[in-house]
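# Descriptive analysis of the structure
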Amino acid sequence: MNTAATTRPTPRDQNPDDGHDLLEVIDLKKHFPIRSGFFSSQEVGRVRAVDGISFSIKAGKTLALVGESGCGKSTVGRLLVKLLDPTEGSIVLDGVDLAQASGEQMQAMRRQMQMVF
Ligand SMILES: Nc1ncnc2c1ncn2[C@@H]1O[C@H](COP(=O)(O)OP(=O)(O)O)[C@@H](O)[C@H]1O
Ligand SMILES: [Mg+2]
């Protein structure tokens, strides 16, 4: 994956309570298996759509993920909202690891995050 990520201040930066890591992504990977045939379960290779990325976003900040087509941006978005499960790595939102979040915690988090298609 060949991407550049930058953070820039948003109006909410004025809030002195901001500044903690709202989102932390650690060594995140998503590999898609390539099978030998449509009905085959034999894995002949893998698409390494996301292969070990780490970043954090502080409360009140905006992060832009920029890169060429097919470099894994949408896959990262889908992982963050749990439309996909990671192959490896972790996503911590407001101190809660998404992989270990209870149904109740996930419900609360779903109210705070969304994809804009
Ligand atoms: N469900 C999937 N199965 C297999 N390969 C996928 C799947 N989703 C994405 N990919 C592949 O993963 C790579 C990254 O895709 P994507 O995250 O959509 O890139 P971007 O959004 O940066 O254009 C591409 O090679 C794409 O073909
Ligand atoms: Mg995309």
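Structural data are supplied above this passage.
Residues numbered from 1 in each chain as written. Chains lettered and ligands numbered in written order. Predicted model: local features only at pLDDT ≥ 70, side-chain atom pairs only at ≥ 80, totals over all residues. Heavy atoms only, no water.

### So, the pattern of salt bridges
Worth spelling out the cut-off: Any Lys or Arg side-chain nitrogen located within 4 Å of an Asp or Glu carboxyl oxygen qualifies as a salt bridge. For the purposes of this entry, the term helix denotes a DSSP run of H or I that reaches at least four residues, the term strand denotes a run of E that reaches at least two, and both are numbered from the N terminus. Buried, partly exposed and exposed residues are distinguished by accessible area as a fraction of the type maximum, computed with a 1.4 Å probe on protein chains only: under 20%, between the cut-offs, and over 50%, respectively.
In the structure shown here, the tally under the stated rule is three salt bridges. A salt bridge links Lys-58 to Asp-21; its shortest N-O distance comes to 3.3 Å. Of this pair, Lys-58 sits in strand 3 (residues 43-58) while Asp-21 sits in strand 2 (residues 21-35), and the two are 37 residues apart along the sequence. With relative accessibility at 39%, the residue Lys-58 sits in the partly exposed group. We note a salt bridge from Glu-43 to Arg-46, for which the minimum N-O separation is 2.8 Å. Residue Arg-46 is classed as partly exposed on the basis of its relative accessible area, which comes to 40%.

### Here we look at helix 1 (residues 73-80)
Basically, it comes down to this: Any two residues having at least one pair of non-hydrogen atoms within 4.5 Å are treated as being in contact.
Of the positions making up helix 1, those classed as buried are Thr-75, Val-76, Gly-77, Leu-79 and Leu-80. Considering only its buried residues, helix 1 is in contact with strand 2, strand 3, strand 4 (61-67) and strand 5 (88-93). With its phi angle positive at about 65°, Lys-82 sits one or two positions after the end of helix 1.

### Here we look at the nonpolar core
Operational definition: Buried Ala, Val, Leu, Ile, Met, Phe, Trp, Tyr and Cys residues form a nonpolar core when they are joined through side-chain atoms within 4.5 Å.
Core analysis: the biggest nonpolar cluster contains 18 residues, and Leu-23, Val-25, Ile-53, Phe-55, Leu-80, Ile-91 and Met-109 have the highest contact counts within it. Elements represented by at least two residues in this core include exactly strand 2, strand 3, helix 1, strand 5 and helix 2 (103-110). By residue number, the principal contributor to this core is strand 3, which donates four residues. Residues contacting Leu-80, with those up to four places away along its chain left out, are Leu-23, Val-25, Phe-55, Ile-91, Leu-98 and Met-113.

### A word on the site of ligand 1
Rules: Here, proximity means that at least one heavy atom of the residue falls within 4 Å of the molecule or strand. Two N or O atoms count as a polar contact when they lie within 3.5 Å, although within protein this holds only if one can serve as hydrogen donor and the other as acceptor, and sequence-adjacent residues are included solely when both atoms are side-chain atoms. In this description, accessible areas are obtained by the Shrake-Rupley approach with a 1.4 Å probe, and a residue is regarded as covered only by the protein chains that are shown.
If you check the shell around ligand 1, you find Phe-32, Val-47, Ala-49, Glu-68, Ser-69, Gly-70, Cys-71, Gly-72, Lys-73, Ser-74 and Thr-75 and nothing else. Take Cys-71: an N or O atom from its main chain is 3.3 Å from an oxygen atom of ligand 1. Here ligand 1, which alone exposes 560 Å², has 60% of that area covered by the protein. Counting only elements with at least two residues in the shell around ligand 1, the list comes to strand 3 and helix 1. No other element matches the three residues that helix 1 contributes to the shell around ligand 1.

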